[in-house]
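Single-letter residue listing:
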Amino acid sequence: MEARTGEGAGAAGPAAEAEARSRAWALLADLASRGPVPADLEAARLSPLLEEALRGEEAAAAAAADHERVFGLEVFPVEGFFLDAEGRAGGAGAAPLEDLLRRTGAAPAAPGDGPEPLATALAALAHLSGAEADALLDGLPAEAGRVRALARELLDDHLLRWLPVLALTARRCGAPFPAALAAQVEELALLHRETLGPPAAAAPPLPGGDLDPSDPETGLREIALHLCRPALAGIALARSDLARISRDAGVPRGFGDRATETENLLLSAASLERLGEALGALEALLRGAAADLDARAAAEPALAPFLRPWRERADRSIRLVLALREGAAAAGAAAADGSAP
Amino acid sequence: MADRTSTRGFLARLLGAGGARPILPAAAPGRPQGDPLPLPEYAESGAAPVPLTRVLQADGRLSQYPPPDRWGDWVEYDGKAWPQRVARRYTLVPTICFNCESACGLLAYVDRETLEVRKFEGNPAHPGSRGRNCAKGPATHNQTYDPERILHPLKRAGARGGGKWVRVSWEEALRDIGGRMRESRRRRRDGIVYHVGRPGEDHFANRTVTAWGVDGHNSHTNICSSSARTGYVLWSGSDRPSPDYAHARTTLLVSSHLEAGHYFNPHAQRIIEGKRDGARLVVLDPRLSNTASRADVWLPTWPGSETTVLLAFANHLLETGRYDRGFLRRWVNWEETLATAAEWAEGEEPRAVAAEAARSAAEGGWRFEDFERLLKALYRPFTPERAAAEARVPADRIREAAECVAAAGDRLSAHVWRAAATGNLGGWQVARALFLLNVLTGSVGTRGGTSLHTWNKFVPVPFSSPPAGEAWNELLMPLEWPLSMFEMSFLLPHFLEEGRGTLDVYFTRVYNPVWTNPDGFQWIRALKDESRIGLHVALTPTWSETAWFADYVLPMGHGGERHDLMSQETHSGRWIGFRQPVRRVAMERAGRRVARTRDANPGEVWEESEFWVDLAFAMDPDGSLGVRRWFESPARPGEPITMDEYFGHIFEKSVPGLPEAAAKEGLTPLAYMRKYGAFEVSKDDYSLHERAAAPGKGIEVDGERRAGFTTPSGRLEFMSPTLRAWGWGEQRHCIPWPLESHVHPGRIDAAKGEMLLLPNFRLPTLIHTRSANSKWLYEISHRNPVWIHPSDADRIGARTGDLLRVTTEIGWFVDRAWVTEGIKPGIVAVSHHLGRWRLRDGDGIGAGMSSLVALDAEAERRTLDVLRGGGPWESPDPDTSRIWWEDVGVHQNLTHGVHPDPVSGGHCWHQKARNVERAHPGDRLGDVRVDGRRSMEVYREWLALARPARAHSPDGTRRPHWLPRPLKPAASAYRLPPLPGSPS
C-alpha cells in the first residue's frame with residue numbers, strides 16, 4: 001500500500017503520481033486565481049517553466065503585475081470567453097460545466113465566479129487527482145476509475161478545447177509569467193490526459209456562424225464584434241494585438257473595451273485612408289496565429305483534434321479580412337479615378 | 001508524443017517537498033482566501049473600508065475622494081505595491097498647484113511614518129478645479145523628489161557664469177544680499193528689481209517690493225499676455241476676461257493656448273460641460289491643436305487675419321440685426337464715439353454717418369440710432385469673402401462660425417490670451433475685436449457669457465499695506481511705451497546695452513529669461529556684465545539656464561513646500577486657495593514645532609514668504625529705512641511676523657464668510673484653510689456692472705447709479721479716448737480694427753522660400769521652464785519638431801525626421817521636420833516650450849531632459865552647439881537610468897529678434913522665416929547661430945515704431961494714470977521727467 005497524503009511522499013507509483021498531480025493542480029489553481037503571491041513562490045519555483053519567470057524578488061513583483069494585466073485585460077482565462085458564440089461567461093456552455101463540477105464533488109464555491117474560470121477547472125482537477133490517489137491507496141479501483149472518467153470529461157469536453165488557445169495568446173502577449181503559467185497548465189493537462197486512456201479523436205465544433213461582409217447590415221461594429229469573439233474569429237484578440245496593429249498601420253485605436261478599440265481602429269484607418277494597412281496587419285496577425293496552431297498541433301498530436309476547429313475559424317477570418325481588403329482597395333481605386341459617388 | 005520530463009520532475013519535487021495536501025476550497029479559489037501578505041506594522045490592517053466622498057461632477061462623471069473628516073489619518077493600499085496589498089497610513093494636506101496660473105487644488109498624501117510625500121491628487125474641496133488635475137499637478141511629486149534639485153543656498157565662486165559654486169548658509173546669504181540692498185536703497189529708488197516669471201501667488205511679493213520703497217517690480221507679462229490685456233483693458237478697465245464656459249451656447253477661442261496651457265484644467269472641464277449641454281465650440285488656430293481638434297468649427301486662420309475674421313462675425317451680427325440694442329445703449333460709450341467720429345472715421349459712408357449724426361446732435365442731442373448706423377457703415381466691408389481671403393479659409397466656414405456666434409445670443413463665452421494677440425504686431429486688436437462680439441451680443445457678465453476677471457478673482461487684504469512709492473524706474477517703464485502692459489521686461493538687456501542705466505540687485509524669481517525670452521544671447525551678455533547688474537540673485541526651485549549666470553542661487557519650494565494665497569477667475573464665482581508646505585503641516589499635526597518652513601522642506605529649501613520677512617530684517621536691521629516695520633509681527637513688535645500670524649489675519653479679517661464657515665466646524669479661519677486648502681467666497685457673480693452704486697460712485701445709467709466699469713467713462717469704450725489722447729487717434733487704432741501684422745502675407749515672399757514661423761504654442765503637459773524637473777511630463781513630451789505641411793515639405797524635399805535649418809531675421813536653428821496636415825501651408829510651427837540645455841554634465845538641468853552644449857555669447861556671431869542630446873544618467877532615482885529618448889528639443893528663442901508692439905509693449909512672437917531648408921552638411925540637431933549685430937538692429941527697428949510719451953502725452957504725464965500697473969507708484973511719479981539739461 002502506498003503512503004497517504006504527506007506520508008512517504010516521494011514514493012513512486014500511480015497513487016503517488018496522482019498525489020503529485022493533485023498538489024500541482026492545486027498550486028496552479030492558486031496561481032491562476034491570485035497570481036504569484038509570496039506564499040506560493042517557493043513551490044512555484046520547483047517548476048522549471050515557472051522558475052525562469054519568477055527568478056528574483058523583482059521578477060516576482062513584475063510577474064504579479066503581468067498576471068493581473070494579461071489575465072485581467074488582455075485575455076480572459078474563462079471558458080465562456082473562448083467557447084461561447086458571444087464570448088461571454090454564463091452562456092450555453094456554463095450549465096453542463098457546472099453539472100460536471102457538481103458531479104466531481106467540487107462545485108464552485110465563490111458566489112459570482114460561476115463555474116467557468118480556469119482556476120475552477122484546475123481546482124477541480126486537483127480535487128479529482130487527490131480523490132484518485134486516495135482511492136488507489138484505499139484499494140478502490142472502481143472509485144479511481146470513476147474520478148478518472150470525470151477528469152477525462154473535464155479535460156476533453158472543456159479545458160483542452162480552449163486551453164491551447166489561451167496558452168498561445170498568453171505567449172503572444174509577451175509577458176513571461178502568464179505565458180509560463182499557461183504553458184505549465186497545458187503541459188500538466190497533457191500529462192494528466194496521457195494517464196486517462198487513448199487521446200480524443202475529435203473535439204466538438206465551435207459555436208456561431210459566419211459573417212457576410214457584403215451584407216448591408218454588416219458594419220464596422222459587427223466586424224469588430226466578430227473579430228473579438230474567439231470562437232467565431234479563431235483567435236483571441238488581445239489588447240496588445242490591437243496595439244500592434246495600430247502601431248503597424250499608424251492609426252489610433254482609442255480607448256474602451258476590445259470591440260470598441262477594434263471598431264475605433266478600423267474607423268480611424270478608414271478615415272485616414274489606411275484601411276489597407278490596418279487590414280494587412282490584421283491579416284498578418286491571423287496568419288501568424290494560424291501558423292502557431294499548426295505548429296502546436298504538429299508538436300503535440302494529442303492537441304491536434306482540439307486545435308482543428310480553431311484552425312478552421314482562423315481560415316475563415318483570414319478569408320473575411322481578404323474580402324474586406326479587396327473591398328477597401330476597390331473603393332480606393334474608385335475614389336482615385338473619380339468614379340466614386 | 002512530447003517528452004514531459006520537465007513536468008514530471010516538477011511533480012516529483014512538489015511531492016518531495018512534503019507537507020500535507022493543500023486544503024482546497026470546495027472548488028473555485030476565486031479571489032484571495034485569507035491574506036498571506038505582510039502588512040506594514042503602522043497600517044490599520046483590520047480597518048473597515050471607509051465610505052468615500054462621492055462627487056457627481058457637473059459633466060455627469062462620478063469621482064470619489066477620501067472624506068475630509070478622515071484626512072488627518074487616512075489608510076489606503078499603496079498603488080506602487082500593486083497587485084500586492086500594502087497598506088499605508090497618511091495625513092492628507094491640501095495645497096495649491098504651482099505649475100501654471102490656474103491654482104488648482106492638490107491633496108498631498110504625506111506618509112505618517114516617514115513624512116514622505118507619496119503622491120499628489122486632486123482636492124475635491126477646491127471650487128476651481130473640483131478635485132481634478134491635469135498631468136502637471138501630480139507631477140509636483142517629480143519636482144519634489146527630482147534628483148537634480150537645488151537643496152542648499154549656493155554662491156558663485158569664480159567668474160559669473162563660470163559654473164563654480166560654494167554652499168552657503170541662509171544667514172550668510174541674507175546678510176550679504178540684505179546689505180547690498182540697503183546700500184542701494186540709500187542711494188536710489190530704482191536700483192533693486194524683482195523680476196517674476198511664474199507669479200503663482202497673489203500679493204506677498206508685491207507687498208514686499210512696495211515695502212522696499214523702490215520701483216522694482218518686473219514681470220514676464222510682455223512676453224505673454226500684454227497685447228490681450230491691452231485689448232481688454234481699453235474696453236473695460238479689466239485686463240482679462242472670465243468666460244462662463246459651462247453655461248455658454250457658443251464658446252469662441254482664438255487659439256488653443258488658454259485651454260491647452262494656461263487655465264487648462266478648470267477651463268477645459270467647463271468647456272466640456274458646456275459642450276455636453278449643446279454648446280458649439282469655435283476655434284481660430286492655424287494649427288490643429290488639441291482644442292481645435294475638438295471644435296465644431298475650426299478656422300485655421302492665417303496669423304494676423306484673426307481681427308478681420310472676428311469683425312466679419314461682427315458684421316454678420318449687425319447686418320442680421322442680432323445684436324443687443326439695449327445693452328449697447330446702456331453700456332457702450334456711444335455718445336462719446338459719435339461726438340468724435342468726424343475726427344477719426346474713414347471712408348465715405350462712415351464719414352457721412354458721422355456728419356449726419358453731428359447735425360442731429362446739434363438739433364436734439366446724440367441719437368443711438370446714428371451709432372447703430374455708424375457701426376454698420378464701419379463694419380460692412382468685413383464680408384465673409386474678405387475674411388476668407390485674408391484668413392485663407394473657405395467663406396462658408398466663416399459664415400458657419402458667424403452663425404454660431406449669432407446663435408449664442410447673450411451666452412457667448414470668448415477668450416484670447418496669448419496666441420494671435422501675442423503673435424502679431426497689433427495683436428491687441430484681436431482682443432478688442434473679440435470683446436466687440438461680447439459687447440454686440442450683450443454677453444458681458446451674463447450667465448454663459450464673458451465676465452471680467454476682477455469680478456471672479458478674490459483679492460484679500462493683508463494686515464497692513466505699505467504706501468505706493470514715488471519712484472519711476474525707466475528701465476522697467478521707459479517713455480517710449482506709455483501704454484504698455486506692463487513693464488518692458490524683455491528689453492532689459494537691450495536697455496542696458498544702450499547704457500540706459502544699471503541695476504544694483506536683480507532678483508529673478510522662477511524666471512528664466514535666458515531661455516524663455518527672445519534673443520537670449522543678449523540676456524547672457526547682460527547677466528555676465530557685473531558693471532550693469534551688480535548682484536544677481538536667482539530664487540528658483542530648479543536649475544535653469546538663467547540661474548547659471550547668478551551670484552546666488554537660492555532654492556525655493558515647489559507647490560507643496562510654501563505658503564501662498566491664490567485666486568483665479570476660473571468660472572463665475574470667487575474663491576481663495578491656500579498653498580501650504582505640506583511636510584511642515586504634517587509635522588505640526590504630529591505635534592512637532594517647526595520654526596521655519598526650510599526646517600521641514602527637503603534639504604534647506606525655503607519658501608519666499610518667510611524669506612522676504614527675514615530679508616527685510618537683513619536689509620533694514622535697525623528699522624531706519626522704514627522697510628522692516630512692514631514685516632514685524634503686530635502682536636510682537638520688533639519680531640518677524642510668522643506665517644500663521646500673517647495668513648491667519650487675512651483669513652480672519654478679509655475673507656467674507658470664512659470665519660463663519662470655520663466656526664461651524666469649531667475651527668479658526670486659519671485652521672479651516674489648513675484643513676481644506678480653499679474657500680468659496682461667492683458664486684454666480686453675474687452682471688456686476690449693473691450693481692447699484694451710491695451717490696457719487698459709479699455712473700448714471702437711465703437715471704440710476706450703477707457700478708459700471710473701471711474705464712475713464714465708466715462704460716465700455718468702443719472708441720478709446722485714451723488711445724486717441726496718447727497719439728493713436730487713427731480709426732485703425734482707436735476702434736476695433738485690423739492692424740497689419742509684421743507677418744502679413746504681403747511681407748512674406750513665398751517665391752523666395754520665406755515662410756511664417758509660429759512659435760507661441762505650448763503643450764498641455766509642460767510647465768514652462770520647470771518641466772525638465774518632472775520626469776513623467778518629459779517622458780510624455782520632450783521634443784519640439786518643425787510642423788510643416790506636406791506641400792511645403794515636398795517643395796524642399798523633406799520628410800518627417802529630416803533635419804531642417806530654419807533661418808530667422810537674426811540667425812538660424814536646426815530641428816527635425818514633422819510633416820503634417822495639421823498646419824497651414826506656408827507656415828512652420830515649433831513650440832517654444834522645449835529645448836533645454838546645460839553647460840556641464842553633473843550640474844544644472846538633468847541629462848535626460850537637456851542637451852549638453854557649448855556656448856559663445858561674446859562674439860558677434862553667437863553660437864550654441866549641441867555636443868550631446870538627452871540620455872540616461874546615474875542618480876539616486878533609478879528612473880534616470882531608463883531615459884529612452886535623445887531628442888530633447890531645440891532652443892529656437894535664441895534666434896528670435898525682439899518685437900515690442902508699439903502700443904501694448906508685448907513681444908510679437910511670430911517670426912518671418914527667411915528660409916526653411918534641408919540642413920547643411922555638419923548641422924546638428926539643436927545647433928543655433930545668431931548675428932549679434934543684427935539682433936540690436938531689429939530692436940531699433942521696432943523701437944522706431946513706438947510713439948513716446950515725451951511727444952504724445954496729453955497732460956505731461958508718463959502714462960495714463962487709470963491704466964493698471966502691478967505696483968502703481970504714487971501719482972506724483974507719473975510726471976514726465978525734465979528733459980536732460982532743462983531746469984528741474
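Residues numbered from 1 in each chain as written. Chains lettered and ligands numbered in written order. Predicted model: local features only at pLDDT ≥ 70, side-chain atom pairs only at ≥ 80, totals over all residues. Heavy atoms only, no water.

A separate point is the overall build of chain A. Along its length, chain A carries 15 helices and 0 strands. Taking 341 residues into account, the globule formula puts the C-alpha radius of gyration at 20 Å, and chain A, at 22 Å, falls close to it. Dimensions of chain A, computed from C-alpha atoms along their principal axes, come out at roughly 85 × 45 × 40 Å. Here chain A holds 341 residues, and the buried ones make up 52% of them. (Helix = DSSP H or I, 4+ residues; strand = E, 2+ residues; numbered from the N terminus. Rg over C-alpha atoms; globule rule 2.2 N^0.38 Å. Buried < 20%, exposed > 50% of the residue type's maximum accessible area, 1.4 Å probe, protein only.)

What follows is about the overall build of chain B. For chain B, the helix and strand inventory stands at 32 helices and 35 strands. Against the 2.2 N^0.38 benchmark of 30 Å for 984 residues, chain B shows a C-alpha radius of gyration of 30 Å, consistent with a compact globule. Across the 984 residues that make up chain B, the buried fraction comes to 64%. Accessible area for chain B stands at about 33,800 Å²; split by element, carbon and sulfur atoms hold 50% of it. (Areas by Shrake-Rupley, 256 points an atom, 1.4 Å probe, with all protein chains shown as cover.)

Another aspect to go through is the nonpolar core. In this structure, A:Phe82 and A:Leu122 are the most contacted members of the largest nonpolar core, which totals 105 residues. Contact partners of A:Leu122, with chain neighbours within four places excluded, come to A:Trp25, A:Leu28, A:Ala29, A:Ala32, A:Leu159 and A:Val185. Core analysis: the second largest hydrophobic core is formed by 84 residues, B:Val193, B:Tyr506, B:Trp543 and B:Val786 among them. (Core = buried A, V, L, I, M, F, W, Y, C linked by side-chain atoms within 4.5 Å. Contact = heavy atoms within 4.5 Å.)

Here we come to the packing of helix H9 (residues 306–319) of chain B against helix H14 (residues 384–391) of chain B. Residue and element names in this part refer to chain B. H14 packs onto H9 with a crossing angle of 165° between their chain directions and a minimal axis gap of 9 Å. In terms of axis orientation, H9 runs roughly antiparallel to H14. Between H9 and H14 the crossing geometry is left-handed. Residue-level inspection shows Thr 308, Val 309 and Ala 312 of H9 in contact with H14, the latter providing Arg 386, Ala 387, Glu 390 and Ala 391. Of the residues that constitute the contact of H9 with H14, the class distribution is 4 nonpolar, 1 polar and 2 charged. (Axes fitted to C-alpha atoms, helices over the stretch in contact; angles between N-to-C directions. Parallel < 35°, antiparallel > 145°, perpendicular 65-115°, else oblique. Left-handed = near helix turned anticlockwise from the far one by under 90°. Nonpolar A, V, L, I, M, F, W, Y, C, P; charged D, E, K, R; others polar.)

Attention now goes to unusual backbone geometry. Residues and elements named next belong to chain B. For the bond from Met 485 to Phe 486, the omega torsion is 0°, close enough to zero to count as cis. By the secondary structure assignment, Phe 486 is in the loop between helix H18 (453–456) and helix H19 (492–497). Even without being a glycine, Ala 419 presents a positive backbone phi close to 45°. If you trace the backbone, Ala 419 turns up in helix H16 (residues 419–423).

Now for the sheet that holds strand S21 (residues 573–579) of chain B. All names here are of chain B. The 3 strands lie next to each other as S20-S21-S22, forming an open sheet whose pairing is antiparallel. At either end of the open sheet lies a strand with only one pairing partner, and these are strand S20 (564–566) and strand S22 (678–683). Between one strand axis and the next, the sheet turns by 15° as a mean value, whatever way the strands run. Where S20 lies against S21, 3 bridges are found, and the strand directions are antiparallel. Directly across from Leu 565, in S21, lies its bridge partner Phe 578. (Pairing = 2+ DSSP bridges.)

Looking now at the side chain of B:Arg198. Residue and element names in this part refer to chain B. For Arg 198, the location among the structural elements is in the loop between strand S9 (192–196) and helix H4 (204–212). Of the residues examined, Arg 198 reaches a relative accessible area of 4% and is grouped as buried. In this view, Arg 198 contacts Phe 98, Cys 100, Glu 101, His 220, Arg 509, Val 510, Arg 762, His 768 and Arg 770; residues no more than four positions away in its chain are not counted.

As far as domains go, chain B holds domain 1 (53–133), domain 2 (237–458 + 695–734) and domain 3 (745–943). One C-alpha centre belongs to domain 1 of chain B, the other to domain 3 of chain B, and the line joining them spans 37 Å. (Domains from an automatic or database assignment.)

Turning next to the domain arrangement of chain A. Residue and element names in this part refer to chain A. Partitioning chain A into structural domains gives domain 1 (14–194) and domain 2 (220–336). Distance between the C-alpha centres of domain 1 and domain 2: 28 Å. With 24 residues of domain 1 in contact, the opposing surface of domain 2 contributes 25 residues. Overall, the association of domain 1 and domain 2 removes approximately 2,000 Å² of surface from exposure, summing both partners, and the carbon and sulfur fraction of that is 61%. Considering only the surface of domain 1 that becomes buried against domain 2, Glu 74, Leu 168 and Arg 172 emerge as the three largest contributors, covering 29% of it. Linking domain 1 with domain 2 are 3 salt bridges. Ionic pairing is found between Arg 296 and Glu 186, a salt bridge with its closest N-O pair at 2.4 Å. Applying the counting rule to domain 1 against domain 2 returns 9 residue pairs in polar contact (both at pLDDT 80 or more). (Buried area = accessible area lost by both parts, 1.4 Å probe. Salt bridge = Lys/Arg side-chain N within 4 Å of Asp/Glu carboxyl O. Polar contact = N/O pair within 3.5 Å; in protein donor to acceptor, adjacent residues only side chain to side chain.)

What follows concerns helix H5 (residues 226–236) of chain B. Residue and element names in this part refer to chain B. Of all the 11 residues making up H5, 11 are buried; the element is thus mostly covered by neighbouring parts of the structure. Turning to H5, its buried residues are Ser 226, Ser 227, Ala 228, Arg 229, Thr 230, Gly 231, Tyr 232, Val 233, Leu 234, Trp 235 and Ser 236. Among the structural elements, strand S11 (241–243), strand S15 (412–415), H16, helix H17 (428–441), strand S16 (450–452) and helix H27 (721–725) are those in contact with the buried residues of H5. Phi for Gly 237, located one or two positions after H5, is positive at around 85°.

Confidence in the prediction for chain B averages 93 pLDDT; 96% of positions are at 70 or higher. Here residues 25–45 of chain B scores under 50 on pLDDT; set against residues more than four positions off or in separate chains, the count is 50 contacts. (pLDDT = per-residue confidence, 0-100.)

Right, let's get into the environment of B:Leu758. All names here are of chain B. In this fold, Leu 758 is placed in strand S25 (residues 755–758). Exposure remark for Leu 758: the relative accessible area of 4% places this residue in the buried category. Spatially, the C-alpha atoms of Leu 758 and Gln 731 are 28 Å apart, while their sequence positions differ by 27 residues. Setting aside anything within four residues of it in sequence, one finds Leu 758 in contact with Pro 286, Pro 303, Ile 827, Val 828, Ala 829, Val 830 and His 910.

Now for the packing of aromatic side chains. Residue and element names in this part refer to chain B. Evaluated as defined, the whole model comprises 42 aromatic pairs over all chains. With 5.6 Å between their ring centres and 80° between their planes, Tyr 194 and Trp 612 make a pair best called edge-to-face. In this pair, Tyr 194 sits in strand S9 while Trp 612 sits in helix H23 (residues 608–619), placing the two residues 418 residues apart along the sequence. No difference in accessibility class separates Tyr 194 from Trp 612, as the two residues are buried. (Phe/Tyr/Trp six-rings, centres within 6.5 Å; stacked < 30°, edge-to-face > 60°.)

Residue and element names in this part refer to chain B. Taken in spatial order, the 4 strands of this open sheet run S3-S4-S5-S6, and their pairing is antiparallel. Each of the sheet's edge strands pairs with one partner strand only, and the pair in question is strand S3 (74–77) and strand S6 (117–122). Direction aside, neighbouring strands of the sheet carry axes that sit 40° apart on average. In the sheet, S3 pairs with strand S4 (residues 87–96) via 4 bridges, with the strands oriented antiparallel. What sits directly across from Val 75, in S4, is Arg 89. Contacting S4, strand S5 (105–111) and S6, helix H22 (residues 582–589) runs over the sheet at an angle of about 120° to S4.

Residues and elements named next belong to chain B. Where helix H11 (residues 334–344) contacts helix H13 (residues 368–379), the two axes come as close as 10 Å, and the packing angle between them is 50°. The angle between the axes of H11 and H13 places the two elements in the oblique class. Considering only the axes of H11 and H13, their crossing is left-handed. Together, Trp 334, Thr 337, Leu 338, Ala 341 and Trp 344 of H11 and Phe 368, Asp 370, Phe 371, Leu 374 and Leu 378 of H13 make up the contact between the two elements. Among the residues forming the contact of H11 with H13, the class breakdown is 8 nonpolar, 1 polar and 1 charged.

Residues in a regular strand project their side chains so that they alternate between the two faces of the sheet. Residues and elements named next belong to chain B. Of all 7 residues in S5, 7 are buried, a share of seventy percent or more. Side chains Gly 105, Leu 107, Tyr 109 and Asp 111 of S5 all project onto a buried face; the interleaved residues Leu 106, Ala 108 and Val 110 project onto the opposite face, where all are buried too. By the bridge criterion, 7 bridges tie S4 to S5 in an arrangement that is antiparallel. Opposite Pro 94, over in S5, you have Leu 107 as the bridge partner.

Turning our attention to the pattern of salt bridges. Going through the model one piece at a time under the given rule, you end up with 113 salt bridges over all chains. The partner of A:Glu277 in a salt bridge is A:Arg274, with the nearest N and O atoms 4.0 Å apart. Between B:Arg330 and B:Asp702 there is a salt bridge; the shortest N-O distance is 2.9 Å. Taken together, the residues B:Arg330 in helix H10 (residues 325–331) and B:Asp702 in the loop between strand S23 (699–701) and strand S24 (704–706) connect sequence positions 372 residues apart. We classify B:Arg330 as buried; its relative accessible area is 17%. A single salt-bridge network, built from bridges that share partners, covers B:Arg329, B:Arg330, B:Glu690, B:Asp702, B:Glu704 and B:Arg706.

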